[in-house]
Each structure stands twice: as structure tokens, then as C-alpha cells.
Amino acid sequence: MKFADLHLHTQFSDGTFTPEELVLYAQKSGLACIAVTDHDTVEACVRAAAACAAVRMEFIPGAELTAEHEDIEVHVLGYFLDTENRALLGRIAQFQTVRQQRIYEMVAALNKLGVPLKVEAVFALANCKSPGRPHVARALVKEKLIGSLDEAFERYLKKGRPAWVPKTKMSALESVELIHHAGGLAVMAHPGLNRSDEIIPALVEAGLDGIECFHTKHSTVMSERYLEIAERHHLLVTGGSDCHGFSKNKPLIGTVKLPYEHVERLHAARQNPKSKIRNRK
Ligand code: AMP
Ligand code: FE
Ligand code: FE
Ligand code: ZN
């Protein structure tokens, strides 16, 4: 059996692996195909593609766009993106600026709380255009201002906590359009995490192609629920570990194994984008 992991982060967003390290771990876990899906950037794709080609692993260039629909945050995965598409690159560059600005605001909020974190420490650690809360959390741990990453989120960075700063996001409908314009397929990420089932019909109406049924944080019951929803709306099925590096001393990559037949359906959908029967057995 061949398997894929279609949700992976690198150092170009909030993952800790370089693209080359990620591919090495993908190889160790016996994966036949991977997709890199960094938050609001496609910068890792060129290096990841080269590293995959060197070991004859299939690579799908992707991204995870931070979006919202009716005030509900939704992450939209794009697969088979043209990573040189100008509209895509232009728009995500704007959201990278938003992310960088938000780091200043989060650090200012921490400073106001008496936590002496320097913004330079966060940017030095992040060293990428698409920084986020995990970088702030890691900087807090590194500077010994807090005991652990979990504690950083619980105390300061989770939604509603004192250093949480809302982020301007693109509309989910725009994200689907942008992904299609860049030649990609648009897939709703980890629906079980956002508890956003009620917005699925609107996204389907906007042309959503698939839904991430298998994810590290989905229980078996959740995965089954989203498989049913996928069938009902004739959506493609994807899955991935959402690996950001090591988790409990192990790389998360490969812990969610998507049967390769789903990748074949993604390929078929690319050939025939309007086919309504693409996800049927
Ligand atoms: P941001 O994009 O800056 O809002 O940060 C969101 C990212 O933070 C997610 O993609 C996760 O990688 C990470 N994250 C969110 N909540 C937590 C949490 N409670 N503990 C650890 N990491 C988290
Ligand atoms: Fe992340
Ligand atoms: Fe996500
Ligand atoms: Zn992710």
C-alpha cells in the first residue's frame, strides 16, 4: 500500500524542519507522496520539490491559507499550486505583512503585562516571512520567560488570553478563488478543529474541492463524520499529520497515513475540474 501525508509545515512558516529535513523524515516513514502546506507562503516548495525528486518521492506544492467566513476562522489548503502565480504571491505577501505586524502587537501586549520579551528575539527565531504565535511561544520558552509552549498558549496567546491579537484574514471565498486561479484544488483543513461545519455548504457553493477528513487531531468518529460529509457534497478526501516538527520527541510526519487512492482522485480532479463524480467510489 502507498500512503501520503498532505499537511506539513517547514521553517518557512511555523514548522521547525527545513524542507530537506522534512523529506528525510518522510522517507523514513515510508511515504510515497507529501505536500508542503505552510501558513500563507509557498516559499518552501522549490526546495521540497528538489529534495523529493532526489529520492523519487511525489511532491505536491501547497499552502494553508488563513481565512474566515462569517467570523469563523477556517484554514484552506491549496494543492498543486503554481507557486509562481502572481495573484497568489501578491495576496499572500499582504498577509505575511499582517503576520509580521501582529508579532509587534503581541510582544507589546506581553510587555504591558510585564513580560520582557524583545520583538527582535521573536524575529530572529522565526527567521521567515510568515511568523505566527508558535514563534512567540518558542521565544518565550527560549528566553526562559515561561516553562513550556503549552503554557505560553494557555497563559498568553490563546484566543481570549491577554496577548492574543486578532489577525486580519482573507475571506474563505476569496481563498478558494485564489487557489483555483493558481491552478490548485481548494480543501478545507481540519474541520474538526474549527467546529465550523455550518459554513461547509457556503464553501462548497464557492467551489471547494475537498475536505481534510484525516488529521492528527481528528478522532475516528470525527473522520467518519467528515467522510460522510465529503460523500454528501461530492468532495475529495484528504488527510495529513499537520507536522510542525517534533511532537513528544517524535516527528509527527507520517502518523496520519492517507491511502494513495485519494491522491489519485486529486489527480483526476485536476484533469477534470468540473466533474461532479470525482469522489464517488
Ligand atoms: P497563528 O497562525 O499565528 O494564529 O498561529 C496558529 C498556529 O499556532 C497553529 O497553526 C498551530 O501551529 C499553533 N497553535 C495554535 N494553538 C495552539 C496551542 N494551544 N498550542 C500549541 N500550538 C498552537
Ligand atoms: Fe501552524
Ligand atoms: Fe491549520
Ligand atoms: Zn497546518
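What counts and how
- Residues numbered from 1 in each chain as written.
- Chains lettered and ligands numbered in written order.
- Predicted model: local features only at pLDDT ≥ 70, side-chain atom pairs only at ≥ 80, totals over all residues.
- Heavy atoms only, no water.
- Core = buried A, V, L, I, M, F, W, Y, C linked by side-chain atoms within 4.5 Å.
- Buried < 20%, exposed > 50% of the residue type's maximum accessible area, 1.4 Å probe, protein only.
- Donors = N, O, S within 2.8 Å, 3.2 Å for Na, K, Ca; no water.
- Tetrahedral: all angles 85-135°; square planar, octahedral: opposite > 155°, others 65-115°.
- Helix = DSSP H or I, 4+ residues; strand = E, 2+ residues; numbered from the N terminus.
- Pairing = 2+ DSSP bridges.
- Salt bridge = Lys/Arg side-chain N within 4 Å of Asp/Glu carboxyl O.
- Phe/Tyr/Trp six-rings, centres within 6.5 Å; stacked < 30°, edge-to-face > 60°.

A. Structural view of the nonpolar core. Ile-34, Val-74, Met-188 and Ile-211 are the most contacted members of the largest nonpolar core, which totals 49 residues. Ile-103, Met-106, Leu-110 and Leu-140 belong to the second-largest nonpolar core, a separate cluster that totals 19 residues.

B. Spatial organisation of the coordination of the zinc ion (ligand 4). Here the zinc ion (ligand 4) is held by the protein donor atoms His-7 (NE2), His-9 (NE2), Glu-64 (OE) and Asp-242 (OD), which lie 2.0 to 2.2 Å from it. For the zinc ion (ligand 4), the four donor atoms in the first shell make angles of 80 to 169° at the metal, so the coordination geometry reads as irregular. Going along the chain, you hit the donors of the zinc ion (ligand 4) in the pattern H-x1-H-x54-E-x177-D. Separating the zinc ion (ligand 4) from the iron ion (ligand 2) is a gap of 4.5 Å. Relative accessible area serves as the criterion here: at 0%, His-9 is assigned to the buried category.

C. The arrangement of the pairing of strand S4 (residues 72–79) in detail. With respect to burial, S4 is a largely interior element, seven of its eight residues being buried. In the sheet, strand S3 (residues 58–69) pairs with S4 via eight bridges, with the strands oriented antiparallel. Paired with Gly-62 across the strands is Tyr-79, a residue of S4. The antiparallel pairing of S3 with S4 creates a hairpin that spans two residues between the two strands, and Glu-70 there sits at a positive phi of about 50°. Strand direction decides the pairing type here: S4 and strand S6 (residues 185–188), joined by four bridges, are antiparallel. The residue of S6 that forms the bridge with Gly-78 is Ala-186.

D. How the structure looks around the pattern of salt bridges. Across all of its chains, the model carries eleven salt bridges by this definition. For Glu-174, the salt bridge goes to Arg-91, with nearest N and O atoms at 2.5 Å. Of this pair, Glu-174 sits in helix H7 (residues 172–181) while Arg-91 is found in helix H3 (residues 86–112), placing the two residues 83 residues apart along the sequence. In the salt-bridge network here, residues are joined through shared partners; they are Glu-68, Glu-73 and Lys-169.

E. Up close: the packing of aromatic side chains. Within this structure, the stated rule accounts for four aromatic pairs. Between Phe-17 and Phe-246, the aromatic rings sit 5.5 Å apart at their centres with planes inclined by 85°, giving edge-to-face as the arrangement. Of this pair, Phe-17 sits in the loop between strand S1 (3–5) and helix H1 (19–28) while Phe-246 sits in strand S9 (residues 246–247), and the two are 229 residues apart along the sequence. Take Phe-17: its relative accessible area is 4%, and that puts it in the buried class. Residue Phe-246 is classed as partly exposed on the basis of its relative accessible area, which comes to 49%.

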